[in-house]
Amino acid sequence: MQGFDWMLWGVEACGIVILCIWIAVPIREFKQIAKRLKEKEHEEK
Amino acid sequence: MTWIDYTIIGLFLAGLAVAGLRISRLIKHSDDIFVAGRELTPFILGATITATNLSMYHFISMGGIAFQKGISIIWQNWTGCMALVLSGIFVIPVMRRLQVRSIPEFLEMRYSKPLRIIIGAFWGLRLCIFLGIFLYIAATAGAQITGWDNYFGWLAIFSVIAIMYSAIGGAWAVAIMDSMQFAFIILGGLITLPVAIHLAGGTPSLIHWLQTHGKTVHTQLVPTGMGEFNWLFVLAILLISTKWATVDQAILQRAFGAKNPRVGAQGMVLSGLITVPLAFLWILPGLALARINPPGITNPDHAIPWLLATHLPPIASGLLGLVLCGLVAAQVSTITADINSVATLFTSDVYQALKKKAPTQKQLIYVARFSSLICGALMILFAWLLSFTNSGAVRANLTVVGIVDLPLFIITIVYGLGWKRTTWQGAMAGFFIGGAAGIMSYMFIIPNYFNHTTYPFLSAISGSLAMHAAAWHEHIKVYKDSMLSIAPFVSSGAALLITPIVSLLTKPGKNDQSHKIWANFHVGDDTEDTFHLVPRSRAGKFGVGLVVAGFLSFLIGIISAAHAFPLATVMAVGGMIALFIGGVLRVYVE
């Protein structure tokens, strides 16, 4: 496709995908870590 | 800047403070401050390593160099990404198994306690210089963007935010906040890039313009001729990046927070992988500025702030505030991570190592917080010294790194892991003589490199050196533009030579702990640890093979660029891609 700025929109697309993944996955993982820490604390008590 | 921009930044900073305070409740043990309780998963680790790495240095300073010298500065990121993969596969698993908190701690295990204390103190100081460079960028950008031209006011604002945040939360805060800040960093880049490229008439038009207006070098990924950021720079930055990914305290400390060695390796590979496309987010706006041509800008660190301050507010109110949140986030996360590293070095490697009686957890946490404050004061001092220069943060950073960092890499990784006969005396001599050789190379080739008002002593030595070696100096002074690329080879070459010579002249010490290092080349009893340095599966072996082949192709590509080989860039970039594919296969498929 002539006139389409592949470089610019390719980088933008990559950035948006990485951004979405990096919002979704760490939230889930932090929840798991928090749960594990609570369990550990409970066991220590 | 409008009141909407200030409100957005104010809310963002308040959010950071509240989150920091909430996270501080997680701190129960000093390991929570230093290595986040060793609970981090690959994605969090990848994000936290990337966010620790990304800062205004990339968006402002590297963008500024792209504006001045062209796209080849992107190799500073790309070689860093490659080094993360190599370090993740070959070095981090061994280090993670040793359960060390810092490189000096490793040095005690490998060599001796005095070496740990001396290098711990020296390295803490070195990190304060690095932090000074980061603070300088933040203050320069703050003054340029807001129009409030008070350099010391900005130094104070950024220091207070970073020190408070770092002293409250430790590594847990750094890890969790990094993940959140990472999103803002990317968002800022995603907004700035289309604006800059639009102003330059689109990427194809920009490239055509640069090639037809005497700026062809700006578009070359691997410039072939003489110059500051040419093929030799790519080789030098590869060496520096390898050092960074294997011995940099901030990066290693994040990786040591991994749940197990495999997770450490996965986090490093992921971090390298995502930074490759992201690098365009800060390099392309800089390249676009070469066409936009901001008026009267000589300091590269002023170019991107000019673009933001001039062209974002007319598009939408609050857009500049949003982008600045990303930049402040990037800067705060890097500064806090490094302050955390300095606190680790002083507490764990100097204070704890000097004390005869084991300190309590409370004492350790107190010393960690106190050293964060001292580090903050030193960082302000170095940022003030930097305000006298006009050559930009990238050059300042590469000068320091090229001189003092590589000898540490040589004694820690090359001889520390690779040659059992190395003694602590050899390591100490290699470290200091390597650093001295790096400084001397600058003094010898560029006699007026050190400003005679700010550094009278260094300036005097420099002048007399060149005078006494007049013929030699005349012969090599033509290479002064390539000094950033030459110094790393001089300092690491001297360390490579001196360390084995002194080691062979001294008796090996009776270090009871070094056997642990060699034992950790193999998988231990930990059931969670299944990461073999030499992979067992066919996919793993293929992955390592691809990493090695990709690396060789990259090296051949860069070296052949010196002879203007037409396929040099293709080989270098192709090699890099192969290395990443191999890295992913290695850590995920086995």
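This is a predicted model, so every value here is computed, not measured. (Residues numbered from 1 in each chain as written. Chains lettered and ligands numbered in written order. Predicted model: local features only at pLDDT ≥ 70, side-chain atom pairs only at ≥ 80, totals over all residues. Heavy atoms only, no water.)

### Structural notes on the overall build of chain B
Counting secondary structure elements, chain B contains 25 helices and zero strands. For 590 residues, the compact-globule estimate of 2.2 N^0.38 gives 25 Å, and chain B sits close to it at 23 Å. C-alpha extents for chain B along the principal axes are approximately 65 × 60 × 55 Å. Look at the contacts in chain B between residues 6 or more apart in sequence, and 84% of them connect residues 24 or more apart. Accessible area of chain B: about 21600 Å², with a carbon and sulfur share of 69%. (Helix = DSSP H or I, 4+ residues; strand = E, 2+ residues; numbered from the N terminus. Rg over C-alpha atoms; globule rule 2.2 N^0.38 Å. Contact = heavy atoms within 4.5 Å. Areas by Shrake-Rupley, 256 points an atom, 1.4 Å probe, with all protein chains shown as cover.)

### Concerning the pattern of salt bridges
Residues and elements named next belong to chain B. All chains considered together, the criterion is met by seven salt bridges over all chains. Between E228 and R395 there is a salt bridge; the shortest N-O distance is 2.6 Å. You can see E228 sitting in the loop between α11 (216–219) and α12 (231–247) and its partner R395 sitting in helix α18 (residues 393–418), a full 167 residues away along the chain. (Salt bridge = Lys/Arg side-chain N within 4 Å of Asp/Glu carboxyl O.)

### Side note on the side chain of B:R586
Residue and element names in this part refer to chain B. Mapped onto the secondary structure, R586 falls in helix α25 (residues 568–589). Look at R586 and you get buried, because its relative accessible area is 0%. Within the local environment of R586, its side chain forms a polar contact with the backbone oxygen of H532, the two atoms lying 2.3 Å apart. When residues no more than four places from it in sequence are discounted, the contact partners of R586 are I89, R262, F531, H532, L533, P535, G540, G543 and V544. (Buried < 20%, exposed > 50% of the residue type's maximum accessible area, 1.4 Å probe, protein only. Polar contact = N/O pair within 3.5 Å; in protein donor to acceptor, adjacent residues only side chain to side chain.)

### What to know about the confidence of the model for chain B
Summarising the model, chain B shows a mean pLDDT of 86, and 92% of its residues fall at 70 or more. The low-confidence segment residues 32–36 of chain B (pLDDT under 50) makes 26 contacts with residues lying over four places distant or belonging to another chain. (pLDDT = per-residue confidence, 0-100.)

### Remarks on the state of the cysteines
Any covalent bond linking the sulfur atoms of two cysteines counts as a disulfide. All chains considered together, the criterion is met by zero disulfides over all chains. The structure places no disulfide on B:C81, whose sulfur is separated from the nearest cysteine sulfur, that of A:C14, by 13 Å. Here B:C325 stays unpaired: no disulfide links it, and the sulfur of A:C20, its closest cysteine neighbor, is 19 Å away. (Disulfide = S-S within 2.5 Å.)

### Looking at the packing of α12(B) against helix α22 (residues 483–505) of chain B
All names here are of chain B. Their axes nearest at 8 Å, the elements α12 and α22 cross at an angle of 45°. In terms of their interaxial angle, α12 and α22 are classed as oblique. The interaxial crossing formed by α12 with α22 has left-handed handedness. From α12, L232, F233, L235, A236, L239 and I240 reach across to α22, where they touch S485, I486, P488, F489 and S492. Its residues assigned to classes, the contact of α12 with α22 comprises nine nonpolar, two polar and no charged. (Axes fitted to C-alpha atoms, helices over the stretch in contact; angles between N-to-C directions. Parallel < 35°, antiparallel > 145°, perpendicular 65-115°, else oblique. Left-handed = near helix turned anticlockwise from the far one by under 90°. Nonpolar A, V, L, I, M, F, W, Y, C, P; charged D, E, K, R; others polar.)

### Here's the deal with the side chain of B:E228
Residues and elements named next belong to chain B. E228 gets classed as buried once you look at its relative accessible area, which sits at 17%. Polar side-chain contacts of E228 include one of 2.6 Å to the side chain of R395. The residues contacting E228, other than those within four sequence positions of it, are K69, F233, R395, D481, L484 and S485.

### Focus on the domain arrangement of chain B
Residues and elements named next belong to chain B. Looking at the assigned domains, one finds that chain B contains domain 1 (3–293 + 316–388) and domain 2 (534–590). In this complex, domain 1 contributes 25 residues to the contact, which on the side of domain 2 involves 22 residues. Across the domain 1/domain 2 interface, buried area totals approximately 2100 Å², and carbon plus sulfur atoms make up 85% of it. On the domain 1 side of the contact with domain 2, M82, I89 and R262 bury the most area, a combined 23% of that side's loss. Counting across the domain 1 and domain 2 interface gives zero salt bridges. Our count for the domain 1 to domain 2 interface comes out at two residue pairs in polar contact (both at pLDDT 80 or more). Looking at the side of domain 1 that touches domain 2, the elements with two or more residues in it are α5 (75–90), α12 and α14 (261–292). (Domains from an automatic or database assignment. Buried area = accessible area lost by both parts, 1.4 Å probe.)

### Quick look at the nonpolar core
Residues and elements named next belong to chain B. I73, W75, W78, F182, W282, L398 and L408 are the most contacted members of the largest nonpolar core, which has 184 residues in total. When residues of this core are sorted by domain, at least three fall in each of domain 1 (3–293 + 316–388) and domain 2 (534–590). If we skip the residues at most four places from it in the chain, W282 touches L54, H58, F59, M62, G63, N77 and T275. (Core = buried A, V, L, I, M, F, W, Y, C linked by side-chain atoms within 4.5 Å.)

### Details of unusual backbone geometry
All names here are of chain B. Phi angles above zero are rare outside glycine, and N293 is one such case at about 55°. Following the sequence through the fold, N293 ends up in the loop between α14 and α15 (303–311). Non-glycine residue A564 carries a positive phi angle of around 55°. Considering the arrangement of structural elements, one finds A564 in the loop between α24 (538–561) and α25.

### Concerning the packing of aromatic side chains
By convention here, two paired aromatic rings are described through the distance between centres and the angle between planes. Residues and elements named next belong to chain B. Taken as a whole, this structure holds 18 aromatic pairs over all chains when the rule is applied. Ring geometry for F122 versus F431: centroids 5.2 Å apart, planes at 85°, classification edge-to-face. Residue F122 is found in helix α8 (residues 113–146), and its partner F431 is found in helix α19 (residues 424–445); the two are separated by 309 residues along the sequence. By relative accessible area, which is 28% here, F122 ends up partly exposed. Judged by centre distance (5.8 Å) and plane angle (80°), the ring pair of Y151 and F152 falls under edge-to-face. Residue classification places F152 among the partly exposed positions, given a relative accessible area of 47%. In textbook terms, an aromatic cluster arises when at least three aromatic residues are bridged by ring pairs, as seen for W75, W78, F280 and F554. A cation over an aromatic ring shows up here: R126 above the ring of W123, its NZ or CZ 5.8 Å from the ring centre. If you follow R586 out to its NZ or CZ, it ends over the ring of F531, 4.2 Å from the centre. (Phe/Tyr/Trp six-rings, centres within 6.5 Å; stacked < 30°, edge-to-face > 60°. Lys NZ or Arg CZ within 6 Å of the ring centre and 35° of its normal.)

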